[in-house]
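Spelled out, the chains give:
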Amino acid sequence: MILPAKHDMKFLDLPVVKSAEGVVRLPGSKSISNRILLLAALANGVTHIRNLLASDDTARMLDALQTLGVTIVQIDGSDYRVQGIGGQLPLRFPVNEADLFLGNAGTVFRPLTAVLALAQGRYRLSGTSRMHERPIGDLVDALRQVGADITYLGEEGFPPLQIQPARIRISAITVKGDVSSQFLTGLLMALPLFVPVEGETPAITVTGELISRPYIELTIALMGRFGVHVEHEGWRHFALPGGQRYCSPGEIFVEGDASSASYFLAAGVVGTGPVRVEGIGHGSLQGDIRFAEALEKMGACIRRGYDWIEAGAPESGDLRAIDLDCNHIPDAAMTLAVVALFAKGTTTLRNIASWRVKETDRLAAMARELRKFGAVVEEGPDFLRVTPPPDGNLAAHAIVDTYDDHRMAMCFSLASLGVPLRINDPGCVTKTFPDYFEKFAAIVRA
Ligand SMILES: O=C(O)C1=C[C@@H](OP(=O)(O)O)[C@@H](O)[C@H](O)C1
Ligand SMILES: C=C(OP(=O)(O)O)C(=O)O
């Protein structure tokens, strides 16, 4: 019996479990929830959002928008009604001076910085101490090109930030794409907020590699649902022709979280299965849906429908190690690192340098914790190589540190399909999945 993780629990002891089987209804996607909340706030009209994720990251977006004077009403459970402020340009929120605490939510901090830089108010944006170590300089540099008045209140290049009213002009914006795609997401979401100027089209050019591209596809797809169509050439040059504005789609449903799905799918593969997740499938917008393909490469049995995915152990019985470029699935790739403990051979996850600037330095943290299970781990600047212990005998009773990183806690719960372990600070899962351990307990069998 696994006890649910309460916010203040110091640790959670997970007994060894033999198998995982069952059906999990996924919580709403974090990336979609926060994008839709912001788009609904900026749109003309009322948006009824269904299946919004309830978690710390979405609470930060809800709080921030309400502090800015946006009317948001919780109708029932995960259903919300947002009264958009769209209409006049330049953009003005009802509250033009505020201190906003944005936690450690990248999907709140980066897009809100871009939008508020154009909003003609005085705003101070801060977050957790870790958020103040996560870079934002590339986004601030890009916004300064259009005249935004942004000051670093701490270290240059990092939050907290002070934003002041400024004369914003339309000009071609250049942004670096190799640290976080959230900078480009923020700029794209802000494009319809430029006051139209005859003959000028707001446009963005990305320099350097564009990482985590599926999140840009998600941004563009959701902007489309709010009536704004971004043109792009080769994922380098993005433009918004014709003075388009956001307008509410009326009602919008948040599909299940594909990154959260990865833990259950992996449990199905490591623990005989099948485990079915409901809420994502063929029709999904999220890039992390492709995690299932990585499991297939390892030999897993995967079945998919429009709104579900099911995962089971390989027919041969053995999971194969893989060598994979994971740039397109940066969050779900962490789950692969723990699945690698159960595979035959050495698994290499490549092109994941962005792990270093997320909730923690995930490359260092993952390497350190995997070694506690007896794995041989090589931590490169942008890759991780994991070789399980000989004969697959994982070290029992490891005490896993989670570094205030929800994904560290969720990933390592999978190790209980081999050995008993302790997870420190399990409550950190509230960032995206408050009842994760209850859902995990419901599918595992002793
Ligand atoms: O835009 C988004 O919703 C996200 C983009 C990704 O970040 P990076 O672009 O920094 O890789 C991802 O890791 C994060 O959890 C959510
Ligand atoms: C990187 C993550 O979050 P954020 O939106 O804060 O970047 C994550 O959820 O794994």
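- Looking at an unreviewed UniProt entry, one finds the chain named 3-phosphoshikimate 1-carboxyvinyltransferase and attributed to Nitrosospira multiformis.
- On record in UniProt, under Subunit (unreviewed entry), the comment for the chain is "Monomer."

1. Some words on the site of ligand 2
So, point 1. In the vicinity of ligand 2 there are 14 residues, among which Lys-30, Gly-106, Arg-134, Arg-407 and Lys-431 approach most closely.
So, point 2. Between Asn-104 and ligand 2, the recorded distance is 3.1 Å, taken from a backbone N or O atom to an oxygen atom.
So, point 3. Gly-106 places a polar main-chain atom, nitrogen or oxygen, 2.7 Å from an oxygen atom of ligand 2.
So, point 4. Considering ligand 2 on its own, with 300 Å² of exposed area, one finds that the protein chains cover 98% of that surface.
So, point 5. Elements that contribute at least two residues to the shell around ligand 2 include exactly α3 (106–117) and α11 (406–412).

2. Regarding the pairing of strand β2 (residues 19–25)
So, point 1. Alignment of β2 against strand β24 (residues 444–445), held across two bridges, turns out to be antiparallel. Along β24, the bridge assignment pairs Ser-19 with Arg-445.
So, point 2. Pairing geometry for β2 and strand β15 (residues 272–278), over five bridges, is parallel. Its bridge partner lying in β15, Val-24 is registered against Val-277.

3. Regarding the side chain of Thr-360
So, point 1. Summarising the element assignment, Thr-360 is placed in the loop between β19 (347–350) and α10 (362–371).
So, point 2. Assessed through its relative accessible area of 13%, Thr-360 is described here as buried.
So, point 3. Among residues more than four places away in sequence, those in contact with Thr-360 are Arg-130, Trp-355, Ala-365, Tyr-403 and Asp-405.

4. Topic: the packing of aromatic side chains
So, point 1. For the coordinates displayed, the defined rule picks out eight aromatic pairs.
So, point 2. Between Phe-264 and Phe-433, the aromatic rings sit 5.9 Å apart at their centres with planes inclined by 70°, giving edge-to-face as the arrangement. Here Phe-264, found in helix α7 (residues 258–270), pairs with Phe-433, found in the loop between β23 (421–424) and α12 (436–443); they are 169 residues apart in sequence, far enough to count as distant. Note on accessibility: Phe-264 and Phe-433 belong to one class, buried.
So, point 3. Ring plane angle 70° and centroid distance 5.4 Å describe the contact between Phe-433 and Tyr-436, whose orientation is recorded as edge-to-face.
So, point 4. We classify Phe-433 as buried; its relative accessible area is 0%.
So, point 5. In this arrangement the basic side chain of Arg-276 is found over the ring face of Trp-308, its NZ or CZ atom lying 3.7 Å from the centre.
So, point 6. Its guanidinium or amino end placed over the ring of Phe-11, Arg-422 lies 3.6 Å from that ring's centre, counting from NZ or CZ.

5. Section: the UniProt feature "binding site: phosphoenolpyruvate" (unreviewed entry) in the chain
So, point 1. UniProt records the feature "binding site: phosphoenolpyruvate" (unreviewed entry) for Lys-30, Gly-106, Arg-134, Gln-182, Arg-362, Arg-407 and Lys-431 in the present numbering.
So, point 2. Ignoring anything within four residues of it in the chain, the contact list for Arg-134 reads Asn-104, Gly-106, Arg-110, Phe-158, Pro-159, Val-357, Lys-358 and Glu-359.
So, point 3. Looking at Arg-134, its side chain comes within polar contact range of the side chain of Asn-104, at 3.1 Å.
So, point 4. Along the chain, Lys-431 turns up in the loop between β23 and α12.
So, point 5. Those residues in contact with Lys-431 that sit more than four places away from it in its chain are Ser-55, Asp-56, Asp-57, Asn-104, Ala-105, Glu-359 and His-406.

6. Notes on the site of ligand 1
So, point 1. In the vicinity of ligand 1, the contacting residues are Lys-30, Ser-31, Arg-35, Thr-107, Ser-180, Ser-181, Gln-182, Ser-212, Tyr-215, Asp-331 and Lys-358.
So, point 2. Within the contact set of ligand 1, an oxygen atom lies 2.5 Å away from a side-chain nitrogen or oxygen of Ser-181.
So, point 3. Note that an oxygen atom of ligand 1 is positioned 2.5 Å from one of the side-chain N or O atoms of Asp-331.
So, point 4. Contact with the protein chains removes 96% of the 380 Å² of surface that ligand 1 exposes when unbound.
So, point 5. Take the shell around ligand 1: its biggest share by element is three residues, from helix α1 (residues 30–42).
So, point 6. In the shell around ligand 1, the residues fall into one nonpolar, six polar and four charged.

Cut-offs and rules
Residues numbered from 1 in each chain as written. Chains lettered and ligands numbered in written order. Predicted model: local features only at pLDDT ≥ 70, side-chain atom pairs only at ≥ 80, totals over all residues. Heavy atoms only, no water. UniProt positions renumbered as here; feature names shortened; annotations may be inferred. Near = heavy atom within 4 Å. Polar contact = N/O pair within 3.5 Å; in protein donor to acceptor, adjacent residues only side chain to side chain. Areas by Shrake-Rupley, 256 points an atom, 1.4 Å probe, with all protein chains shown as cover. Helix = DSSP H or I, 4+ residues; strand = E, 2+ residues; numbered from the N terminus. Pairing = 2+ DSSP bridges. Buried < 20%, exposed > 50% of the residue type's maximum accessible area, 1.4 Å probe, protein only. Contact = heavy atoms within 4.5 Å. Phe/Tyr/Trp six-rings, centres within 6.5 Å; stacked < 30°, edge-to-face > 60°. Lys NZ or Arg CZ within 6 Å of the ring centre and 35° of its normal. Nonpolar A, V, L, I, M, F, W, Y, C, P; charged D, E, K, R; others polar.

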